[in-house]
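# Architecture at a glance
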There are 2 protein chains.
Amino acid sequence: MDAELSVTENEAKYLKLIYRKQCEESIKVKTTAVAKFLRVRPATVTEVIQNLSEKNLLRHRRYHGVELTKKGIAEARKLLRTHRILEILFTDILDNAQRACNEASKLDCHASRDLINAICRAYGHPEICPCEKTIFSDPKCKKKQMGG
Amino acid sequence: MDAELSVTENEAKYLKLIYRKQCEESIKVKTTAVAKFLRVRPATVTEVIQNLSEKNLLRHRRYHGVELTKKGIAEARKLLRTHRILEILFTDILDNAQRACNEASKLDCHASRDLINAICRAYGHPEICPCEKTIFSDPKCKKKQMGG
DNA sequence: CTTTAAATTTAGGGTAACCCTAAAATTCAC
DNA sequence: GTGAATTTTAGGGTTACCCTAAATTTAAAG
């Protein structure tokens, strides 16, 4: 089921934001907060949230906020893994973590899994990004086993 | 005038294709050819072409094909510069020029000029990409001057 | 030069993803 | 419980895509 799952650039923004709040800061995600952060109207947030909900990426309890599903968490982690791997690459090139983060944001929902895994390998499977956040691992990105 | 000029991902595809035909292969660009290449209907091509024409990126002589304007050529070169610089970076990482090209295609209209110039610098201002195509220069991407 | 086939454009539709305001519904805090 | 704040619905609007069918124009063949 569930064919390919395509998330738009905008939806990716929502997922990353919600993940960071919900999973990394344990803050309950409210419509108005998202609206302020993304500089849109609350009604717009509700609408996008409903789309994400139809894609089973999150559950929406009317008037009470949202919670990512397993699938939503997986998708958000995929995006954040991509984001953070790109941050490493770009920090190397730009020599400026903040700019690297900005660039990564623009590209993180367009980079393929294979590319990200290749970069990951090239940098020795790093576990944290320049901002000290965890880089989630990808089972398809084989680490070289330690000898023994 | 002409504010910021934003080209969608799809429009970028058209520009790159038209540029390569017109400027690199000297082939007159016809609606049906573009339609076949991009796997859409001719009517769709006409429509997109009309949009690009309104943005002054090309001239459209009804029933006779299109020709990029100066502005269109500049935009296409910007996109192809980006594409080819990314190819260099990704060939380095993926060790496979074909895949590098595919990945570059996905990202080339999202990467910022600053990032591209930083990569360009990191690779010593290369003049050709892995497929031997010219990498257009960007005046803002200063080459180190040869001594003397 | 005319006819007909091929290429192209117009006309008319359709979808999806964005965005908004205003009004209704619900919750929260006093 | 009631009023203020939050959130959702209802109703609209745009833009970028895509399509088919019919009209137009060009080009090729006789």
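Residues numbered from 1 in each chain as written. Chains lettered and ligands numbered in written order. Predicted model: local features only at pLDDT ≥ 70, side-chain atom pairs only at ≥ 80, totals over all residues. Heavy atoms only, no water.

Attention shifts here to the overall build of chain A. Check the secondary structure of chain A and you find six helices and two strands. Taken from the N to the C terminus, the helices and strands of chain A come in the order α-α-α-β-β-α-α-α. Its C-alpha atoms give chain A a radius of gyration of 16 Å, near enough to 15 Å, the size a compact globule of 148 residues would have. In chain A, which comprises 148 residues, the proportion classed as buried is 42%. Counting only contacts in chain A whose residues sit at least 6 apart along the sequence, the fraction spanning at least 24 positions is 58%. (Helix = DSSP H or I, 4+ residues; strand = E, 2+ residues; numbered from the N terminus. Rg over C-alpha atoms; globule rule 2.2 N^0.38 Å. Buried < 20%, exposed > 50% of the residue type's maximum accessible area, 1.4 Å probe, protein only. Contact = heavy atoms within 4.5 Å.)

If you rotate chain B by 179 degrees and push it 0.0 Å along the axis, it lands on chain A with an RMSD of 0.1 Å. Taken together, the turn and the small shift mark the pair as related by a two-fold rotation axis. No C-alpha of chain B approaches the rotation axis more nearly than that of B:Leu107, which lies at 3.4 Å. Here 100% of the contact residues of chain B are again contact residues in chain A; the copies associate through an equivalent surface. (Least-squares fit on C-alpha atoms with pLDDT ≥ 70 in both.)

Attention shifts here to the protein's contact with DNA strand C. Taken together, 20 residues sit near DNA strand C, with A:Thr8, A:Thr44, B:Thr32, B:Gln50 and B:His60 positioned nearest. Within 4 Å of the protein, the contacting atoms of DNA strand C are drawn from sugar and phosphate to the extent of 77%. Contacts to DNA strand C include A:Asn10, whose side-chain N or O atom sits 3.1 Å from a sugar or linking oxygen. One of the side-chain N or O atoms of A:Glu47 is found 2.9 Å from a base nitrogen in DNA strand C. Those elements that provide at least two residues to the surface near DNA strand C are α1 (9–24) and α3 (42–54) of chain A together with α2 (31–38) and α3 (42–54) of chain B. Top contributing element to the surface near DNA strand C by residue count: α3(B), with four residues. (Near = heavy atom within 4 Å. Polar contact = N/O pair within 3.5 Å; in protein donor to acceptor, adjacent residues only side chain to side chain.)

Residues and elements named next belong to chain B. Strand direction decides the pairing type here: strand β1 (residues 58–61) and strand β2 (residues 65–68), joined by four bridges, are antiparallel. Looking across to β2, one finds that Arg61 is bridged to Gly65. Linking β1 back to β2 in an antiparallel pair, the connection comprises three residues, with Tyr63 at a positive phi of about 70 degrees. (Pairing = 2+ DSSP bridges.)

This part takes up the interface of chain B and chain A. Between chain B and chain A, the contact holds 16 residues from the first and 16 residues from the second. Summing the contributions of chain B and of chain A, the shared interface buries around 1500 Å²; its carbon and sulfur component is 74%. Where chain B packs against chain A, one counts two salt bridges. For the salt bridge of B:Asp114 with A:Arg99, the shortest nitrogen-to-oxygen distance reads 3.9 Å. Along the lines of polarity and charge, the residues of the side of chain B that touches chain A split into nine nonpolar, two polar and five charged. (Buried area = accessible area lost by both parts, 1.4 Å probe. Salt bridge = Lys/Arg side-chain N within 4 Å of Asp/Glu carboxyl O. Nonpolar A, V, L, I, M, F, W, Y, C, P; charged D, E, K, R; others polar.)

A separate point is the protein's contact with DNA strand D. The full set close to DNA strand D counts 20 residues, and A:Thr32, A:Gln50, A:His60, B:Thr8 and B:Thr44 are the nearest of them. Counted by atom, the contact set of DNA strand D within 4 Å of the protein is 77% sugar and phosphate. In the environment of DNA strand D, a phosphate oxygen lies 2.8 Å from a nitrogen or oxygen atom belonging to the side chain of A:Thr46. In the environment of DNA strand D, a phosphate oxygen lies 3.3 Å from a nitrogen or oxygen atom belonging to the backbone of A:Tyr63.

Residue and element names in this part refer to chain A. When the domains of chain A are assigned, the result is domain 1 (9–73) and domain 2 (79–122). The C-alpha-based centres of domain 1 and domain 2 are spaced at 23 Å. At the interface, seven residues of domain 1 touch eight residues of domain 2. Each partner contributes to the roughly 610 Å² buried at the junction of domain 1 and domain 2, and carbon and sulfur atoms together form 60% of this total. Contact with domain 2 buries surface across domain 1, with Glu9, Lys16 and Arg20 losing the most and accounting together for 67% of the total. Inspection of the domain 1/domain 2 interface yields two salt bridges. As a salt-bridge pair, Lys16 and Asp108 come within 2.8 Å of each other at their nearest N and O atoms. At the junction of domain 1 and domain 2, the tally comes to three residue pairs in polar contact (both at pLDDT 80 or more). Among the residues making up the side of domain 1 that touches domain 2, the classes are represented as three nonpolar, no polar and four charged. (Domains from an automatic or database assignment.)

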